[in-house]
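In case you want the letters, here they are:
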Amino acid sequence: MVNTMTKHDAAAWLLDHDNYCILTHGRPDGDTIGSAATLCLGLRQLGKTAHVLENTECSPFLRRCCEGLTKSAAADDDTIICVDVASPGMIPDAFRHLTERIRLRIDHHASATSFTELELVDPSSAACGELIYDILMDMGVRLDRAMGSVLYVAVSTDTGCFRYANTTAHTYLTAAACAETGADLYPLTQELFDTTSINELRLRNWMVENACFLCDGQVAVCAIPRQMEDTVTREELEGISGFLRSIEGVKIAATLRQAEEGSKLSVRAVPGYDATIICKKFGGGGHKGAAGATIGLPLQAAAELVAAELKAIVVGK
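Residues numbered from 1 in each chain as written. Predicted model: local features only at pLDDT ≥ 70, side-chain atom pairs only at ≥ 80, totals over all residues. Heavy atoms only, no water.

(A) Geometry of the overall build of the protein chain. A tally of helices and strands in the protein chain yields twelve helices and 13 strands. Compactness check: the protein chain gives a C-alpha radius of gyration of 19 Å against a globular reference of 20 Å for 317 residues, within 12% of the reference. Within the protein chain, buried positions represent 52% of all 317 residues. Restricting the contact set of the protein chain to residue pairs at least 6 apart, pairs at least 24 apart contribute 64%. Carbon and sulfur atoms form 50% of the exposed surface of the protein chain, whose accessible area is close to 14,000 Å². The average position of the 28 basic charges and that of the 41 acidic charges among the side chains of the protein chain differ by 3 Å. (Helix = DSSP H or I, 4+ residues; strand = E, 2+ residues; numbered from the N terminus. Rg over C-alpha atoms; globule rule 2.2 N^0.38 Å. Buried < 20%, exposed > 50% of the residue type's maximum accessible area, 1.4 Å probe, protein only. Contact = heavy atoms within 4.5 Å. Areas by Shrake-Rupley, 256 points an atom, 1.4 Å probe, with all protein chains shown as cover. Lys, Arg positive; Asp, Glu negative; His and termini not counted. Charge placed at Lys NZ, Arg CZ, Asp CG, Glu CD.)

(B) Molecular detail of the packing of aromatic side chains. Applying the stated rule across the entire model yields three aromatic pairs. Here the aromatic rings of Trp13 and Tyr20 are separated by 6.4 Å at their centres, their planes lie at 55°, and the arrangement is tilted. Taken together through their ring pairs, the aromatic side chains of Tyr152, Phe162 and Tyr172 make up a single cluster. (Phe/Tyr/Trp six-rings, centres within 6.5 Å; stacked < 30°, edge-to-face > 60°.)

(C) Inspection of the sheet that holds strand β3 (residues 50-53) at higher detail. Read across the open sheet, the seven strands follow the order β1-β7-β6-β5-β2-β3-β4; overall the sheet is parallel. The open sheet has two edge strands, β1 (3-4) and β4 (70-71), and neither has a second partner. Across four bridges, strand β2 (residues 20-23) lies against strand β5 (residues 79-83) in parallel orientation. Counted as the bridge partner of Ile22 is Ile81 from β5. (Pairing = 2+ DSSP bridges.)

(D) Seen up close, the layout of surface pockets. Of the pockets and cavities examined, the second largest pocket occupies roughly 180 Å³. Tallied by class, residues from the lining of the second largest pocket come to seven nonpolar, four polar and three charged. (1 Å grid on protein atoms, 1.4 Å probe; cavity = no way out; pocket = protein on both sides within 12 Å on 5 of 7 lines; lining within 4 Å. Points joined across faces, edges and corners; volume = space filled by probe spheres on them. Nonpolar A, V, L, I, M, F, W, Y, C, P; charged D, E, K, R; others polar.)

(E) Looking closely at the environment of Thr79. Here Thr79 is to be found in strand β5. Sequence-distant contacts of Thr79, that is, excluding residues within four places in its chain, are made with Trp13, Asp18, Asn19, Tyr20, Cys21 and Arg103. From its side chain, Thr79 meets the backbone oxygen of Asp18 in a polar contact 2.8 Å long. (Polar contact = N/O pair within 3.5 Å; in protein donor to acceptor, adjacent residues only side chain to side chain.)

(F) Spotlight on the pairing of strand β11 (residues 262-269). Within β11, seven of the eight residues are buried, which leaves the element mostly enclosed by the surrounding structure. Relative to β11, strand β10 (residues 252-259) runs antiparallel, the two sharing eight bridges. From the neighbouring strand, Leu256 faces β11, where its bridge partner is Leu265. Connecting β10 to the antiparallel partner β11 that follows it, the hairpin turn spans two residues. Taken together, the six bridges between β11 and strand β13 (residues 290-295) define a ladder with antiparallel strand orientation. By the bridge assignment, Val267 is partnered in β13 with Ala291.

(G) Focus on empty space enclosed by the protein. Per the counting criterion, the structure on display carries one cavity of 30 Å³ or more. If you add up the space inside the largest cavity, you get close to 60 Å³. Lining the largest cavity, in full, are Arg27, Ile224, Leu237, Ile240, Ser241, Thr255, Leu256, Arg257, Lys264, Leu265 and Ser266. Contributing elements (two or more residues each) for the lining of the largest cavity: β10 and β11. Counted by class, the lining of the largest cavity contains five nonpolar, three polar and three charged residues.

(H) Looking closely at the side chain of Asp84. Relative to the helices and strands, Asp84 is located in the loop between β5 and β6 (102-107). Of the side chains with opposite charge, Arg105 lies nearest to the buried Asp84, which makes no salt bridge, at 8.5 Å. Of the polar contacts made by the side chain of Asp84, one reaches the side chain of His108; its length is 3.1 Å. Non-local contacts of Asp84, meaning those with residues more than four positions away in its chain, are made with His25, Asp29, Asp31, Thr32, Met90, Ile106, Asp107, His108, His109, Cys128 and Asp158. (Salt bridge = Lys/Arg side-chain N within 4 Å of Asp/Glu carboxyl O.)

(I) Here's a closer look at the sheet that holds strand β9 (residues 219-224). Pairing in this open sheet of six strands is mixed, and the strands run β8-β9-β10-β11-β13-β12 from one edge to the other. If you trace the sheet from one side to the other, it starts and ends with β8 (212-214) and β12 (285-286), each paired once. Running at roughly 120° to β9, helix α8 (residues 198-210) makes contact with β8, β9 and β10 of the sheet. Helix α12 (residues 299-315) rests against β8, β9, β10, β11 and β13 of the sheet, and its axis sits at about 165° to β10. (Axes fitted to C-alpha atoms, helices over the stretch in contact; angles between N-to-C directions.)

Rendered as structure tokens:
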């Protein structure tokens, strides 16, 4: 039976336990890694033993966010918690054997699936990092420069540098707390949002030429073949999902790419449209503005199916 917790409940529980091993989700982004690193640092400040379980899918930048905080395997007596993990399917294959051992899940996805005994899920938070900040403040942690840097990575990533509709006053207050630590936020912002490689620009150009635009340009779908994937880094590929949605007139967009189990789907939508509607059909989830799933079909077949689904959504509005 799932026990739903408040932030205060979670803070009290964390104070009562020790030997933490923190799990992050597959294809990790700045929110899951930044949240894990911030929580780990906060727990250590309180004298707790805490580590982030090393996620081999991390980009070099996100790996640096966890420098000095990771360990390669969970011990038998570790207290395992996860952050920003909406469903069991988001747990990396290397961590799957630990699923039944997760004691507490801290998450903010509206489409979250309950799979742990204890959970704190708050969809009103734009980023999981906001929840981590509130919990640490409740625990009496003093946010320092190191925590301010990684917490900023968390809250800025899931809000598109505070541009997305999910951004709230509390998001800005959390970011302000990061700035007050003296953390140098400018280079983080530059690396996360204002640096684009030549290869990524070429991929974007290819996507514009090869995407399928439907419903008078309100829907965009692009299937990215393996040969195009291989021209960019994993981090650049993850960031490309929102590109089609940024094109004028596009209300909802999907990118697909090849995977061993079929096709990886990423959907982005403007306010008034719900990206989770289609992703839930394939066992995925996320937020109204950004969601993902895995479709057990070859790339082109999956793209045709997604195009039809998105067209139906827009026509039905």
